[in-house]
Amino acid sequence: MNATRTALRQHTVVDSPYGPLTLVATDGVLSGLYMTGQRHRPPEETFGDLDPHPFTETIRQLDAYFAGELREFDLPLHLDGTPFQRSVWEQLQAIPYGETRSYGELAENLGKPGASRAVGLANGKNPVGIIVPCHRVIGASGGLTGYGGGLDRKQRLLAFENGTEGDTPALF
């Protein structure tokens, strides 16, 4: 008989300058970072038990990021998605701090120049916002486009990374 093991899921909630963040781990590895009101946020009952222990390093790095002391996260990630989604999320992690890329540029980098819409859909399903920086993706015209955490958060995150955060009103 072949027994299937169920993945252990745990979560915790931490404060941030952008509102509470729910961190989710699958088998001890970060698999979700969700904002309140986020589009594509899974139901709370899928997050597992409340336990802050698997998140010590994630919280340390988030604190350093929000303090302006960390520009690149170095965390193991468990990202569930299609091969295409995972390739988009890998491209997101290559966008340097304080810079942006368009959906079209990401599609071209993936060798699929006509897939900017598909890139946008995959970007929107990113399960680990901020750490996998989907907020760094903008429209072809340079304007802000959709963001699962809300356009005001996207604007504030980009302003924070560009050192112009004081010019953007806090909404949380």
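None of these values were measured; they are calculated from a predicted model.

1. A closer look at the confidence of the model for the protein
The predicted coordinates of low-pLDDT regions are not to be read in fine detail. Counting all residues, the mean pLDDT for the protein is 88, and 89% of those residues have values of 70 or more. Counted against residues more than four places away or in other chains, residues 167-172, with its pLDDT under 50, gives 13 contacts.

2. Comments concerning the layout of surface pockets
By volume, the second largest pocket is sized at about 240 Å³. Taken together, 16 residues make up the lining of the second largest pocket; nearest its centre are Arg71, Glu72, Phe73, Gln93 and Ile131. When its residues are assigned to classes, the lining of the second largest pocket shows 11 nonpolar, one polar and four charged.

3. Digging into the sheet that holds strand β4 (residues 49-50)
The strand order β3-β2-β1-β4 describes an open sheet built from four strands, whose pairing is mixed. The outermost strands of the open sheet, each flanked by one partner alone, are β3 (29-35) and β4. Packing against the sheet, helix α1 (residues 56-66) makes contact with β1 (9-14), β2 (21-26) and β3, and its axis sits at approximately 145 degrees to β2.

4. Concerning the nonpolar core
Taken as a class, soluble globular proteins show a tendency for nonpolar side chains to be buried jointly. The biggest cluster of nonpolar side chains holds 36 residues, and the ones touching the most others in it are Leu62, Tyr65 and Ile130. For this core, the element with the highest residue contribution is α1, accounting for four residues.

5. With respect to helix α5 (residues 151-162)
With 12 residues, α5 should cover 16 Å at 1.5 Å per step; its first-to-last C-alpha distance of 16 Å lies within 8% of that length. Along α5, the positions that sit buried rather than exposed are Arg153, Lys154, Arg156, Leu157, Leu158, Ala159, Phe160 and Glu161. On its buried face, α5 sits against β3, α1, α3 (103-109) and β6 (137-138).

6. Details of the packing of aromatic side chains
Scanning the model with the defined rule gives six aromatic pairs in all. Here Tyr65 and Phe73 contribute two aromatic rings whose centre-to-centre distance is 5.2 Å and whose plane-to-plane angle is 40 degrees, an arrangement assigned as tilted. Considered together, Tyr65 and Phe73 belong to a single accessibility category, that of buried residues. Judged by centre distance (5.3 Å) and plane angle (70 degrees), the rings of Tyr65 and Phe160 are edge-to-face. Taken together, the residues span a long stretch of sequence, with Tyr65 in helix α1 and Phe160 in helix α5 at a distance of 95 residues. Note on Tyr65: relative accessible area 0%, which makes it buried. On the basis of relative accessibility, which here comes to 13%, the residue Phe160 falls in the buried class.

Conventions we followed
Residues numbered from 1 in each chain as written. Predicted model: local features only at pLDDT ≥ 70, side-chain atom pairs only at ≥ 80, totals over all residues. Heavy atoms only, no water. pLDDT = per-residue confidence, 0-100. Contact = heavy atoms within 4.5 Å. 1 Å grid on protein atoms, 1.4 Å probe; cavity = no way out; pocket = protein on both sides within 12 Å on 5 of 7 lines; lining within 4 Å. Points joined across faces, edges and corners; volume = space filled by probe spheres on them. Nonpolar A, V, L, I, M, F, W, Y, C, P; charged D, E, K, R; others polar. Pairing = 2+ DSSP bridges. Helix = DSSP H or I, 4+ residues; strand = E, 2+ residues; numbered from the N terminus. Axes fitted to C-alpha atoms, helices over the stretch in contact; angles between N-to-C directions. Core = buried A, V, L, I, M, F, W, Y, C linked by side-chain atoms within 4.5 Å. Buried < 20%, exposed > 50% of the residue type's maximum accessible area, 1.4 Å probe, protein only. Expected span 1.5 Å × (residues − 1). Phe/Tyr/Trp six-rings, centres within 6.5 Å; stacked < 30°, edge-to-face > 60°.

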